[in-house]
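# Overview (structure and organization)
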Amino acid sequence: MKRLFRLAVMAVAVLCVGSVSAQKFARINMQEVIVAMPEFAEMQKNLEAFGKDLQEQMEQIQVEFNNRAEEFQKNQATMAASVKQMKQQELQQIQQRYTEFERIANEDFQKKQAELFEPVHKKAQEAVKKVAKAGGYIAVFDLTNQSLAYFDEAQMVDIAPAVKKELGIVEQPAAAAPAK
């Protein structure tokens with residue numbers, strides 16, 4: 001009975017090892033793929049324009065502050081105490097407005113970045129899913145975050161070229177080295 005049990009356990013172990021070795025795993029650097037996408041370049045252009053608009057608005061507030069501060073410096077010696085106090089409060093309010101605008105602008109920029117990035121990331125994810133299913137891979141590991149402690153590159157296929165092809169990304173050949 002013990003012998004039959006051991007034989008059954010060994011058979012199950014062999015079957016498990018056999019089925020694991022038949023499974024296919026792949027790897028990809030999603031950041032590399034996403035950066036190569038034309039949609040990413042468009043996203044960057046839109047994000048830069050949005051950031052430039054925010055920066056211009058911040059500069060307008062800064063110019064207003066600088067002009068009023070300069071005016072205050074020139075005329076403070078001749079100002080009545082009540083006017084001087086009022087002008088100082090105005091300067092503080094402009095500084096507070098600038099600080100508040102800067103905080104809101106940073107939040108808006110991050111929201112816009114996420115909003116613009118989401119469809120690009122989704123398209124890349126869909127291409128990975130399609131390539132993985134077509135290739136029969138049970139798992140695809142993203143190397144962007146270096147979350148794998150170890151993997152055997154020979155046993156794990158890099159599907160980035162297939163995903164780029166699926167996305168219509170044409171790799172540019174490396175420029176020939178200049179002759180010496």
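Here's what I pulled together on the structure shown here. (Residues numbered from 1 in each chain as written. Predicted model: local features only at pLDDT ≥ 70, side-chain atom pairs only at ≥ 80, totals over all residues. Heavy atoms only, no water.)

### Re the packing of aromatic side chains
Applicable threshold: Aromatic rings from Phe, Tyr and Trp, taking only the six-membered ring of Trp, are treated as a pair when their centres fall within 6.5 Å; an angle between ring planes under 30 degrees marks them as stacked, one over 60 as edge-to-face, and anything in between as tilted. Both a distance and an angle decide whether a charge sits over a ring: NZ of Lys or CZ of Arg must be within 6 Å of the ring centre and within 35 degrees of the ring normal.
Within the structure shown, the criterion is met by one aromatic pair. The ring of tyrosine 137 has lysine 24 sitting right over it, with the charged end atom 4.7 Å from the ring centre. If you follow lysine 112 out to its NZ or CZ, it ends over the ring of phenylalanine 50, 5.5 Å from the centre.

### So, the packing of helix α3 (residues 38–75) against helix α4 (residues 81–135)
Operational definition: Axis geometry follows a simple rule: fit a line to the C-alpha atoms, using only the stretch in contact for helices, then measure angles between N-to-C directions, giving values from 0 to 180 degrees. Secondary structure is summarised from DSSP: a helix means a run of H or I of at least four residues, a strand means a run of E of at least two, and numbering begins at the N terminus for each. The scheme is simple: roughly parallel for angles under 35 degrees, roughly antiparallel for over 145, roughly perpendicular for 65 to 115, oblique for anything else. Throughout, the ten residues Ala, Val, Leu, Ile, Met, Phe, Trp, Tyr, Cys and Pro are labelled nonpolar, Asp, Glu, Lys and Arg are labelled charged, and all others, Gly among them, are labelled polar.
Where α3 contacts α4, the axes come no closer than 10 Å and their chain directions differ by 180 degrees. Comparing the axis directions of α3 and α4 gives the class roughly antiparallel. Residue composition of the contact of α3 with α4, by class: 19 nonpolar, seven polar and 12 charged.

### Let's talk about α3
Heads up, the rule is: Working rule for helices: expected span equals 1.5 Å times residues minus one. Only protein chains enter the accessibility calculation, which uses a 1.4 Å probe; a residue is then buried when its area is under 20% of its type maximum, exposed when over 50%, and partly exposed in between.
Its 38 residues place the ends of α3 56 Å apart at the C-alpha level, agreeing with the 56 Å of an ideal helix rising 1.5 Å per residue. For α3, the full list of buried residues reads Phe40, Met43, Leu47, Gly51, Leu54, Met58, Ile61, Phe65, Ala69 and Phe72.

### Quick look at the pattern of salt bridges
What counts here: What makes a salt bridge here is a side-chain nitrogen of Lys or Arg within 4 Å of a carboxyl oxygen of Asp or Glu, nothing more.
As enumerated under the stated definition, the model contains 13 salt bridges in all. Between glutamate 115 and lysine 112 there is a salt bridge, with the nearest N and O atoms lying 3.6 Å from each other. Of this pair, glutamate 115 and lysine 112 both sit in helix α4, separated by three residues, roughly a single helical turn. Between glutamate 126 and lysine 129 there is a salt bridge, with its nearest N and O atoms 3.9 Å apart. Of this pair, glutamate 126 and lysine 129 both sit in helix α4, separated by three residues, roughly a single helical turn.

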